[in-house]
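Residues per chain, in single letters:
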Amino acid sequence: MTTEELLAKLKSIQNSKYETQNLELKSAMKGCPKRLYDTLSSFSNQDDGGLIIFGVDEDNGYEEAGVYDPQDLQKKINEQCLQMEPVVRPLLTVAEKDQKYFVSAEIPGIDLVDRPCYYQGKGRLKGSYIRIGDSDEPMTEYEVYSYEAFRQKYQDDIRTVPRAMLSVLNQEALDRYVQKLKEGKHNLASLDDEDIYELFSVTRNHEITLSTILAFGIYPQAYFPQLCITAISVPGTTIGELGDSGERFLDNQRIGGTVMEMLEDTLQFVKRNMKTKTIIDRHTGRREDRTDYPIAAVREAVINALVHRDYSIHTEGMPIQIILYEDRMEIKNPGGIYGRIRADQLGKVQPDTRNPVLALELELMGVTENRYSGIPTIRRELENYNMKEPEFLDERGSFTVKFFKGTIENEPRDAYSEDAENLILFCKTPRTRHEICEYLGLSSVTYGIQTHVMPLVEAGIIKLSIPDKPKSSKQLYYSE
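## Notes on helix α11 (residues 295-308)
At step 1: For α11, with 14 residues, the first-to-last C-alpha span of 20 Å sits near the 20 Å given by 1.5 Å per residue.
At step 2: What α11 keeps buried is the set A297, V298, E300, A301, V302, I303, A305, L306 and V307.

## With respect to the sheet that holds strand β6 (residues 91-97)
At step 1: The strand order across the open sheet built from 4 strands is β1-β2-β7-β6, with neighbouring strands paired in mixed fashion. The outermost strands of the open sheet, each flanked by one partner alone, are β1 (23-26) and β6. For this sheet, the mean angle separating the axes of adjacent strands, direction not counted, is 20 degrees.
At step 2: Along the sheet, helix α1 (residues 3-16) makes contact with β1, β2 (50-54), β6 and β7 (100-107), crossing β6 at roughly 70 degrees.

## Section: the sheet that holds strand β18 (residues 328-334)
At step 1: Spatial strand order, β14-β13-β17-β18-β20-β19: 6 strands in an open sheet with mixed pairing. Two strands in the sheet have a free side with no partner beyond their single neighbour: β14 (251-255) and β19 (391-395). Strand after strand, the sheet turns through a mean of 10 degrees between neighbouring axes, direction not considered.
At step 2: With 5 bridges connecting them, β19 and strand β20 (residues 398-404) associate as antiparallel partners. Among the inter-strand pairings, E391 is bridged to a residue of β20, identified as K402.

## Section: the packing of α11 against helix α13 (residues 374-384)
The relative placement of two packed helices comes down to the angle between their axes together with the axis-to-axis distance.
At step 1: Relative to each other, α11 and α13 sit at 155 degrees, their axes nearing to 8 Å. Here α11 lies roughly antiparallel to α13, going by the angle between them. α11 and α13 meet at a crossing whose hand is left-handed. Every residue of α13 that contacts α11 at A296, A297, E300, A301 and N304 is listed here: G374, I375, T377, I378 and E381.
At step 2: Broken down by class, the residue content of the contact of α11 with α13 amounts to 5 nonpolar, 3 polar and 2 charged.

## Some thoughts on the pairing of strand β13 (residues 229-233)
At step 1: Summarising burial for β13: 4 of the 5 residues are buried, a large majority.
At step 2: The sheet contact formed by β13 and β14 spans 5 bridges and is antiparallel. From the neighbouring strand, A231 faces β14, where its bridge partner is Q253.
At step 3: Both β13 and strand β17 (residues 320-324) contribute to a ladder of 5 bridges, which runs parallel. Residue A231 lies in a different strand from β17, and its bridge partner there is I322.

## Here we look at α1
At step 1: For α1, with 14 residues, the first-to-last C-alpha span of 20 Å sits near the 20 Å given by 1.5 Å per residue.
At step 2: Restricting attention to buried positions, one finds in α1 the residues L6, L10 and I13. Buried residues in α1, looked at end-on, bunch into an arc of 60 degrees, giving them a common side. Turned more than 90 degrees off the buried face of α1, the exposed positions are E4, K11 and N15.
At step 3: Those residues of α1 that are buried lie in contact with β1, β2, β3 (56-57), β4 (63-64), β6 and β7.
At step 4: Positive phi shows up at K17, right after α1, with a value of about 55 degrees.

## Things to note about unusual backbone geometry
At step 1: Looking along the chain, the bond that leaves E85 and enters P86 is cis, with omega of -5 degrees.
At step 2: Tracing the backbone shows P86 in the loop between β5 (84-85) and β6.
At step 3: That bond from R115 to P116 is cis: its omega, 5 degrees, falls within 30 degrees of zero.
At step 4: Phi angles above zero are rare outside glycine, and D98 is one such case at about 50 degrees.
At step 5: Note on placement: D98 falls in the loop between β6 and β7.
At step 6: For D98, a relative accessible area of 63% corresponds to the exposed category.

## Here we look at the pattern of salt bridges
At step 1: Counted according to the given criterion, the structure contains 21 salt bridges.
At step 2: Between D38 and R35 there is a salt bridge, with its nearest N and O atoms 3.5 Å apart.
At step 3: Since its relative accessible area comes to 10%, D38 is described here as buried.
At step 4: The residue R354 makes a salt bridge to D310 at a minimum N-O spacing of 3.7 Å. With R354 in the loop between β18 and α12 (356-364) and D310 in the loop between α11 and β17, the pair connects residues that are 44 residues apart, well separated along the chain. The same class applies to R354 as to D310, namely buried.
At step 5: A single salt-bridge network, built from bridges that share partners, covers E24, K26, R131 and D136.

## With respect to the packing of aromatic side chains
At step 1: As enumerated under the stated definition, the model contains 9 aromatic pairs in all.
At step 2: Here a set of aromatic residues connected by ring pairs shows up, and it is made of Y37, Y119 and Y129.
At step 3: Over the face of the ring belonging to Y325 we find R328, whose NZ or CZ atom lies 3.8 Å from the ring centre.

## A short note on the packing of helix α6 (residues 171-182) against α12
At step 1: Between α6 and α12, the least distance of the axes is 10 Å, while the angle of their chain directions is 90 degrees. In terms of axis orientation, α6 runs roughly perpendicular to α12. Contact residues: α6 offers Y177, K180 and L181, while α12 offers L360, E361 and L364.
At step 2: Among the residues forming the contact of α6 with α12, the class breakdown is 4 nonpolar, no polar and 2 charged.

Definitions and limits used
- Residues numbered from 1 in each chain as written.
- Predicted model: local features only at pLDDT ≥ 70, side-chain atom pairs only at ≥ 80, totals over all residues.
- Heavy atoms only, no water.
- Helix = DSSP H or I, 4+ residues; strand = E, 2+ residues; numbered from the N terminus.
- Expected span 1.5 Å × (residues − 1).
- Buried < 20%, exposed > 50% of the residue type's maximum accessible area, 1.4 Å probe, protein only.
- Pairing = 2+ DSSP bridges.
- Axes fitted to C-alpha atoms, helices over the stretch in contact; angles between N-to-C directions.
- Contact = heavy atoms within 4.5 Å.
- Parallel < 35°, antiparallel > 145°, perpendicular 65-115°, else oblique.
- Left-handed = near helix turned anticlockwise from the far one by under 90°.
- Nonpolar A, V, L, I, M, F, W, Y, C, P; charged D, E, K, R; others polar.
- Arc of directions from axis to C-beta.
- Salt bridge = Lys/Arg side-chain N within 4 Å of Asp/Glu carboxyl O.
- Phe/Tyr/Trp six-rings, centres within 6.5 Å; stacked < 30°, edge-to-face > 60°.
- Lys NZ or Arg CZ within 6 Å of the ring centre and 35° of its normal.

The following block contains the structure:
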């Protein structure tokens, strides 16, 4: 940062009067702040790093108070940076304004494999921080572990399950998997099944692994009760809203079994809690039933949650959550995005794989392609439905996919409910207002025509017998 850029930043702060994800303000009129390590840690642990500006008193209306001594302050800042692990190398700038001095410290983000950056005096677990908005928050034990897991390439999907035995597996399904492994591979085909088990982490040192239990177990939740899916449908747009009869949930199910069984049962849950509308192509007359959300997109999102969730001991007590709200659906799995990829890069950059053995098992069993096509498929299916882009949220220790109900703008003119389709068929014979409202079971003619008929008239599907006099008492409504 140049001196001119620092002065421009000071002016911007006076206009905005707030800190940000990448900006921290420190008052240093009476000396160097003694606890810089939380901000040094949090800025170092985010990709874009951050900027600390000394000399602005946030507690006194963002007064430009200046610093006590720019030379000594820089020395004290560097001393605290040397107490971090890894050591922080700030870029320091000094600027003078109105006979007052200001100092900025640009803190670079460190590489993912070197994180977390922490204060040596408190150790990795207590001295690691993360930036949340304009606040420095202590990292959770799981957040610290996540960096360690990526750096050391831990494979939690193949940690062993000491209590499990081969007798608790679906042997027929396991045999099919082993046969798939051997197909076209002469060297593998010559090995005994027990050797294949060890080679492909079905077992490790003859103990069954977690991925094996999840893919081939008779009932995996006997060992890990919370490695399941909890699915609910709620009556409103937030948890806690009550339905007409005071109900909190319209549907509520705990879904267990193998990964494949959880996938299929979850899709059944979603299907029975979605409405279906009928779409009629005005040009071909072809009818298509369309659900609130494209089921192919839902399937990919659920597969991703099952395959890419965190299976470490830190999250084995956390189920995947699926919530169907009135206006959206959310699929949330334990464990944020794994590795270097960011949420805005999903579907565009090949990601690291958190659970490679489980992913291979599901690929060979035909559940997933394992070609990183899930996110592009989700986007394509929603686009075909004329729906909003999905939201991908990488939050503290969790990852959420959001689908939003409804089309981007108004409902397409060739999309109608089943009631509308039946009304169109009813009007193949020209009908009066009263005949239509009697057919619809409505007592208010005005409401019936405005709500049910006029949208179809505006779409050109239902026509007026006297188009020049739409309010004529002799008006008839008909479809072709």
